Amino acid sequence: MTAQRKHPAACLIGWPAAHSRSPLIHHYWLRTLGIEGGYVIEAVPPDDLRDFVLRLSLRGFVGANVTIPHKESVLDLSTPDARALAIGAANTLWFEDGELHSTNTDVEGFVNNLDACAPGWDKADEALVLGAGGASRAVVFGLIERGIARVHLVNRTLSRAASLAEKFGTAVVPAQWENIAELLPRAELLVNTTSLGMHGQAPLDIDVGLLPASAVVTDLVYVPLETPLLAAARGRGLKCADGLGMLLHQAVRGFELWFGRRPEVTPELRSIVEADLTKV
Ligand code: ATR
């Protein structure tokens, strides 16, 4: 199928079609930057992914976001950068000199959100990361890239933490869930990448009172926006960065690659997306 589009457009490739805030974010930037372009959701079943991606340009798209369940499969259909390769998954596709490239923008979403909300966070010697799934990989990559000397990686299933740690070298140390209390007093940065605290899930039951007074706390969960973890950390006067900030910051690079302008994460954009979150 060849699509004739009047203006450059990007899409979100996933299956099944799920509710996503990405159109809201990219439409806001297109509108405020005065760019005539589009961003649409494309529900693509796994069996059709290859054909869809190989004909992305013919379909009139300048690039795409990729979500569940396609983030790993697109690596073989594109030229992945170092981040996508290290993480083993890509969430953004774009064309350069006619070639399709892929990257994982969760890394810069994570670090740029911390830079915006807690400047100086990377002076931490030790970080404690909870969870060892896909999101955790991007977080650990970002922490190592920014020079954090030691990352304690705790996961309910220890073997998953151990295999993730193996990929990142000796700076990443796997630990049991039961060790959290003894690791908290050393953690200058605490990151929750598990689904605990998410709407409908059990809260993350840890004592933020054990963290040093200078600690920064960040939660990748953004529904609710203020998770029980962030509420407790704020109550103690700790610096915090929320998951919505990461979601917004991870979208910046894709937009820049597709439409040629680097957009900003503004308070207005935040409040538009926040209003959408309350519809959940
Ligand atoms: P994502 O891509 O968002 O990281 P994921 O790969 O499914 O999603 O990872 C979910 C993470 O949340 C995992 O670290 C998972 O722990 P396990 O590896 O032991 O499954 C963690 N998680 C989910 N529910 C949890 C719970 N009730 N208690 C502790 N950890 C939990």
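Above this text you will find the structure in question.
Residues numbered from 1 in each chain as written. Predicted model: local features only at pLDDT ≥ 70, side-chain atom pairs only at ≥ 80, totals over all residues. Heavy atoms only, no water.

## A short note on unusual backbone geometry
Then, number 1: Put simply, Trp 15 and Pro 16 share a cis peptide bond, and its omega is -10 degrees.
Then, number 2: Along the chain, Pro 16 falls in the loop between β1 (9–14) and α1 (22–33).
Then, number 3: Omega for the bond connecting Ile 68 with Pro 69 falls within 30 degrees of zero, at 5 degrees, which places this linkage in the cis form.
Then, number 4: Of note, Pro 69 is situated in the loop between β3 (61–66) and β4 (79–80).
Then, number 5: Phi at Asp 97 takes a positive value of approximately 50 degrees, unusual for a residue other than glycine.
Then, number 6: Mapped onto the fold, Asp 97 is located in the loop between β5 (92–96) and β6 (99–103).
Then, number 7: You can call Asp 97 exposed: its relative accessible area is 81%. (Helix = DSSP H or I, 4+ residues; strand = E, 2+ residues; numbered from the N terminus. Buried < 20%, exposed > 50% of the residue type's maximum accessible area, 1.4 Å probe, protein only.)

## Section: the sheet that holds strand β2 (residues 38–43)
Then, number 1: The strand order across the open sheet built from six strands is β2-β1-β3-β5-β6-β4, with neighbouring strands paired in mixed fashion. Two strands close off the open sheet at either side, each with one partner strand: β2 and β4.
Then, number 2: Inspection of the sheet shows β1 paired to β2 by six bridges, in the parallel sense. Bridge pairing in β2 places Ala 10 opposite Tyr 39.
Then, number 3: The strands touched by α1 within the sheet are β2 and β3, with β2 carrying the most contacts at an inclination of about 160 degrees. (Pairing = 2+ DSSP bridges. Contact = heavy atoms within 4.5 Å. Axes fitted to C-alpha atoms, helices over the stretch in contact; angles between N-to-C directions.)

## Quick word on the site of the ligand
Then, number 1: Not every one of the 13 residues close to the ligand is listed here, only the nearest: Ala 132, Asn 155, Arg 156, Thr 157 and Arg 160.
Then, number 2: Asn 155 places a side-chain nitrogen or oxygen 2.7 Å from an oxygen atom of the ligand.
Then, number 3: Separating an oxygen atom of the ligand from a side-chain N or O atom of Thr 157 is a distance of 2.5 Å.
Then, number 4: Here the ligand loses 67% of its free accessible area of 640 Å² to cover by the protein chains.
Then, number 5: In terms of residue class, the shell around the ligand is built from four nonpolar, seven polar and two charged. (Near = heavy atom within 4 Å. Polar contact = N/O pair within 3.5 Å; in protein donor to acceptor, adjacent residues only side chain to side chain. Areas by Shrake-Rupley, 256 points an atom, 1.4 Å probe, with all protein chains shown as cover. Nonpolar A, V, L, I, M, F, W, Y, C, P; charged D, E, K, R; others polar.)

## Details of the pattern of salt bridges
Then, number 1: Counted according to the given criterion, the structure contains 15 salt bridges.
Then, number 2: Put simply, Glu 126 and Arg 186 hold a salt bridge, and the shortest N to O gap is 3.2 Å. In this pair, Glu 126 is assigned in strand β7 (residues 126–130) and Arg 186 in the loop between α7 (180–183) and β10 (189–192), connecting sequence segments 60 residues apart.
Then, number 3: The exposure class of Glu 126 is buried, given its relative accessible area of 17%.
Then, number 4: What makes Arg 186 partly exposed here is its relative accessible area of 41%. (Salt bridge = Lys/Arg side-chain N within 4 Å of Asp/Glu carboxyl O.)

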